[in-house]
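Observations on the model geometry
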Amino acid sequence: MSTCYQKSLRAFLEHESVIKTKHQAKELHARLIRTMAPVSAILNSKIISIYSNFNLLQDSLTLFNTIDSPQPTKAWKSIIKCYASSGLFLNSLTSFNEMRSVGRIPDRNVFPSVLKSCVQLRDLRLGESVHGCVMRLGLDCDLYTGNALMNMYAKLQLPKAQQPFDEFPERKKQVGSFRNSWMGINHPDEVNVHLISGVGLKDMTEKPIEMEALGMDTVRKVFQTMPIRDVVSWNTIIQGNVHGGRYKEALGMLREMGNSDLMPDSFTLSTVLPIFSKYVDLKKGKEIHGFAIRHGFDGDGFIGSSLIDMYANCTRVEDSYKLFSLLPQCDAVSWNSIIAACVQNGRFDEGLELFRQMLRADIEPLGHSFSIIMPACAHLTTLTLGKQLHAYIIRTGNVENLYVASSLVDMYAKCGNIKNAWWIFDNMEIQDSVSWTAMIMGYAMHGHAHDAISLFEEMQMAGVQSNSVVFVAVLTACSHAGLVNEAWKYFSTMTQNHGIAPELEHYAALADLLGRAGRLQEAYDFISSMHIKPTGSVWSALLSACRVHRNFEMADKVAKEIFKIDPEYTGAYALLSNMYGAAGSWKEAQKIRITMRRKGMKKKPACSWIEVKNKVHAFVAGDKSHSFYGQINEALQDILEQIENEGYVPDTSEVPHDVDEEQKRYAVSTHSERLAIAFGIISSPAGTTIRVTKNLRVCVDCHTAIKFISRTMGREIIVRDNIRFHHFKDGNCSCGDYW
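Let us look at the structure shown here. If you're wondering where the values come from, they're calculated on a predicted model, not measured in any experiment.

A water-sized probe rolled over the atoms picks out the places where empty space is left. For the structure shown, the criterion picks out 3 cavities of 30 Å³ or more. When its volume is computed, the second largest cavity comes out at roughly 60 Å³. A breakdown of the residues in the lining of the second largest cavity according to their chemical character gives 5 nonpolar, 2 polar and 1 charged.

Rendered as structure tokens:
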């Protein structure tokens, strides 16, 4: 071969970027062997570097092992990088360890891969030791190494970041073994980086809150010592502050970045936009949007998705739609954003339709996509669609995804299938606080209070961190079973043992429990002494209890409290009117209805839904608009006759109108849930479970009637009202007539 040809090969080796494919890399290597055999260690190191650019790990290792030891630093760098890029982080760190043991000094190209491995293994202590090595070699002033150090400290600043270790004991053991090996090599360049922060590791592990602050403090110190900073440097410290909840600091750094004559990029903007989403600051969000348009970032997918989220959080879904339609290319992230925008704003049907459109556009859903869309199925109680999504999740291999599995637990529980919810939960390889909470709340809503409490105790023994939401679930379970003493115990435990300050939902659950248990004065005093100002809905729960226990004196007191807070609270007027009507005080009931008409208030109509043959059918009380009304009415009359023969006697005491008894009987017999149940019976095979959702509380008479229907018709009937689930079977209800 000519000298000219050899020079050409060397030119390719010197300019790695001209090699665009794996095939070209292997062809270059083959030509090099044919032309220059034996190939020098330096040239082989360059080939390894090219291989590592394409993640050709096995080829890199094979070639690396042919080089006489000690291999050049460049070869070690490539192997360390290739291991890290292939997700073999322990191997990457072991190679780094071996490189140092043979006397090769790491250079600026080695540490970014090593620090990346520390991040992925969630090992802050090891990362600190690597930082010590960086300082000893004088590389802490290097831009890329400094950026890698900042990234490591920013991502390992939160105590939660260490939790995955606890879930994989073998992996934890391996890393611990490597760390001991790393620490055992007595190199003079091992500097105790704890001195930087002025605190030891023991302090950090025992004080998670201080640890979080300490992490960002170290990021800041690394940042301040860097003589040169680029956009990545600024983005790292801004993002670290955002993830740590230090929004003022993040925005302050953004201003400093602008003052240093560095232009924010799309990553910077997508990092700060969630701040304005969280605080619903539409004005500031629009300013960022304007900046993005002026600098040509508005077509960027990350910016577009962040803006969609921001407008959705500010309840500007139409603006989210416009942004989505203007994106030049919609990927799975932007589809997720617009679907989430609809779901979180209660536009569930639109969210489901967008999900279908995404599939038709051949966009492969991410695992996150399913956890976004599942709440729509749960809210609409479309069990059939939920099962279809579950099947799709299994086919696409996302069933092991922790967030997806938790969403499935929640969906099945809210769609009335608590058995499936438990099966999913019980088969999860790992269960986090979200999945535990979803299952506990599912049990609570289905009336399985003791199962909910038992599961909560099991969660405590498993060492899973409790949060405010799981205590809402436990208190709800106690409320639905009348477990007053247990509720007080958990309410006290929440504050004393877990340091969780009671929120409105906790007070509401406990007040609701006291009211249901008939301890109305205790509930009134409890609400009055809340350290948070009670809302109309909290008082309204007590007003409902007054209606159940027919305490008119307390009802008047509670109503006055509601009207102080919200004079236009329609639900309170409706409840009072119904109470007076049930007591036969028609004049008082009429006065309230006149007041409502004068204020332009309308009572929320009762509505029930049932899903039959993949279609949702809606009914309101006395509804005659359904195309099958004739058959429904005939079925209702037949059912009424059968259950009356079984001993059912209509309770018309709560009909809020002064009409004759026959009209009252007709009024209760055509309540929306009965229409839905009758339609379900004539539209499904004998023995099929009937699932109905109602927007208001099931009345006493309907509750009694459905118990008779379940026994007479031989059907299990599951009714989800706005309070809980009722499972009617063989003439009994899961609530034990306590709701």
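Let us keep going from here.
In total, this model carries 19 salt bridges according to the counting rule given. Here Asp512 and Arg516 are joined by a salt bridge, their closest N and O atoms 2.7 Å apart. Here Asp512 and its partner Arg516 are both found in helix 31 (residues 504–516), 4 residues apart, which amounts to about one turn of the helix. Notably, a salt bridge pairs Asp737 with Lys707, separated by 3.0 Å at the nearest N-O pair. Of this pair, Asp737 sits in the segment after strand 6 (732–733) while Lys707 sits in helix 40 (residues 700–712); the two residues are 30 residues apart in sequence, bridging distant segments of the chain. The partly exposed category is assigned to Asp737, whose relative accessible area is 42%.

This structure, assessed with the given rule, holds 22 aromatic pairs. Taking the centre distance of 6.0 Å and the plane angle of 50 degrees together, the rings of Phe628 and Phe679 count as tilted. Remark: Phe679 occurs in helix 39 (residues 672–683) and Phe628 occurs in the loop between strand 2 (615–620) and helix 37 (629–645); sequence separation between them is 51 residues. Since its relative accessible area comes to 39%, Phe628 is described here as partly exposed. When its relative accessible area of 3% is taken as the criterion, Phe679 is described as buried. The structure contains a cluster of three or more aromatic residues connected by ring pairs, namely Trp422, Phe425, Trp436 and Tyr443. When the ring centre of Phe223 is taken as reference, the NZ or CZ atom of Arg229 above it lies at 4.2 Å. Above the ring of Tyr524, the side-chain terminus of Lys557 is found at 4.2 Å from the ring centroid.

Another aspect to go through is the side chain of His446. Within the secondary structure, His446 sits in the loop between helix 27 (433–445) and helix 28 (449–461). Within the local environment of His446, its side chain forms a polar contact with the side chain of His727, the two groups lying 2.6 Å apart.

Glancing now at helix 5 (residues 73–85). For helix 5, with 13 residues, the first-to-last C-alpha span of 18 Å sits near the 18 Å given by 1.5 Å per residue. Burial analysis of helix 5 places 10 of its 13 residues in the buried class, which makes it a mostly covered element. Taken as a whole, helix 5 has its buried residues at Thr73, Ala75, Trp76, Lys77, Ser78, Ile79, Ile80, Cys82, Tyr83 and Ala84. Once helix 5 finishes, Gly87 follows within two positions and takes phi at roughly 80 degrees, a positive value.

This part takes up the packing of helix 4 (residues 57–64) against helix 5. Between helix 4 and helix 5, the shortest axis-to-axis distance is 10 Å and the interhelical angle comes to 150 degrees. The orientation of helix 4 relative to helix 5 falls into the category roughly antiparallel. In this structure, helix 4 crosses over helix 5, and the sense of that crossing is left-handed. Taking contact as the criterion, the partners of Leu57, Ser60, Leu61 and Phe64 in helix 4 are, on helix 5, Ala75, Trp76, Ile79, Cys82 and Tyr83. Along the lines of polarity and charge, the residues of the contact of helix 4 with helix 5 split into 8 nonpolar, 1 polar and no charged.

Most of strand 5 (residues 725–729) sits inside the fold, with 4 of its 5 residues counted as buried. Two successive antiparallel strands, strand 4 (residues 717–720) and strand 5, enclose a turn made up of 4 residues. In this sheet, strand 6 lies alongside strand 5 in antiparallel orientation, the contact comprising 2 bridges. Across the sheet, the residue bridging to Lys729 is Asn732, located in strand 6.

Within the largest apolar cluster, 183 residues are counted, with the highest numbers of intra-cluster contacts made by Ile238, Ile339, Ile440, Leu542 and Val558. Among the elements that take part in this core, helix 21 (residues 332–344) stands out by supplying 8 residues, more than any other. Of the residues that make up this core, three or more belong to each of domain 1 (264–364) and domain 2 (381–599). Excluding its chain neighbours within four sequence positions, the residues that come into contact with Ile339 are Gly351, Leu354, Phe355, Met358, Ile372 and Ile373. Core analysis: the second largest hydrophobic core is formed by 31 residues, Phe619, Val692, Ile717 and Cys735 among them.

Let's shift gears to the pairing of strand 3 (residues 690–694). Most of strand 3 is tucked away, with 4 of its 5 residues classed as buried. Note: strand 1 (residues 607–612) against strand 3, 3 bridges, orientation antiparallel. The residue bridging Ile610 from the neighbouring strand is Val692, located in strand 3. In this structure, strand 3 lies alongside strand 4, joined through 4 bridges in parallel fashion. Following the sheet pairing, Ile690 is matched in strand 4 by Ile717. In the classification by handedness, the crossover that spans strand 3, the intervening helix 40 and the parallel strand 4 is right-handed.

Take helix 3 (residues 41–53) next. Over its 13 residues, helix 3 extends 18 Å from the first C-alpha to the last, a length consistent with the 18 Å expected when each residue adds 1.5 Å. Across the 13 residues of helix 3, 10 count as buried, placing the element largely inside the fold. Looking one or two places after helix 3, you find Asn55, whose phi comes out positive at around 60 degrees.

Here we take up the sheet that holds strand 3. Strand order in the open sheet formed by 6 strands is 2-1-3-4-5-6, and the pairing between neighbours is mixed. At either end of the open sheet lies a strand with only one pairing partner, and these are strand 2 and strand 6.

It is worth spelling out the environment of Thr570 at this point. Relative to the assigned elements, Thr570 resides in helix 35 (residues 570–582). Look at Thr570 and you get partly exposed, because its relative accessible area is 23%. Spatially, the C-alpha atom of Thr570 lies 6.6 Å from that of Lys603, the residues being 33 residues apart in sequence. Once residues lying within four places of it in the same chain are set aside, the contact partners of Thr570 are Met596, Met601, Lys602 and Lys603.

A few words now on the packing of helix 6 (residues 89–101) against helix 7 (residues 111–120). Interhelical geometry of helix 6 versus helix 7 gives an angle of 135 degrees and a closest axis separation of 9 Å. By the criterion of interaxial angle, the relationship of helix 6 to helix 7 is oblique. The two elements helix 6 and helix 7 cross, and the hand of that crossing is left-handed. Judged by residue contacts, Phe89, Ser92, Leu93 and Phe96 of helix 6 engage Phe111, Ser113, Val114, Lys116, Ser117, Cys118 and Gln120 from helix 7. The class makeup of the residues in the contact of helix 6 with helix 7 is 6 nonpolar, 4 polar and 1 charged.

Reading the values: the criteria
- Residues numbered from 1 in each chain as written.
- Predicted model: local features only at pLDDT ≥ 70, side-chain atom pairs only at ≥ 80, totals over all residues.
- Heavy atoms only, no water.
- 1 Å grid on protein atoms, 1.4 Å probe; cavity = no way out; pocket = protein on both sides within 12 Å on 5 of 7 lines; lining within 4 Å.
- Points joined across faces, edges and corners; volume = space filled by probe spheres on them.
- Nonpolar A, V, L, I, M, F, W, Y, C, P; charged D, E, K, R; others polar.
- Salt bridge = Lys/Arg side-chain N within 4 Å of Asp/Glu carboxyl O.
- Helix = DSSP H or I, 4+ residues; strand = E, 2+ residues; numbered from the N terminus.
- Buried < 20%, exposed > 50% of the residue type's maximum accessible area, 1.4 Å probe, protein only.
- Phe/Tyr/Trp six-rings, centres within 6.5 Å; stacked < 30°, edge-to-face > 60°.
- Lys NZ or Arg CZ within 6 Å of the ring centre and 35° of its normal.
- Polar contact = N/O pair within 3.5 Å; in protein donor to acceptor, adjacent residues only side chain to side chain.
- Expected span 1.5 Å × (residues − 1).
- Axes fitted to C-alpha atoms, helices over the stretch in contact; angles between N-to-C directions.
- Parallel < 35°, antiparallel > 145°, perpendicular 65-115°, else oblique.
- Left-handed = near helix turned anticlockwise from the far one by under 90°.
- Contact = heavy atoms within 4.5 Å.
- Pairing = 2+ DSSP bridges.
- Core = buried A, V, L, I, M, F, W, Y, C linked by side-chain atoms within 4.5 Å.
- Domains from an automatic or database assignment.
- Right-handed = clockwise from strand over helix to strand, strands pointing away.

Keep in mind that these numbers describe shape and distance, not what the molecule does.
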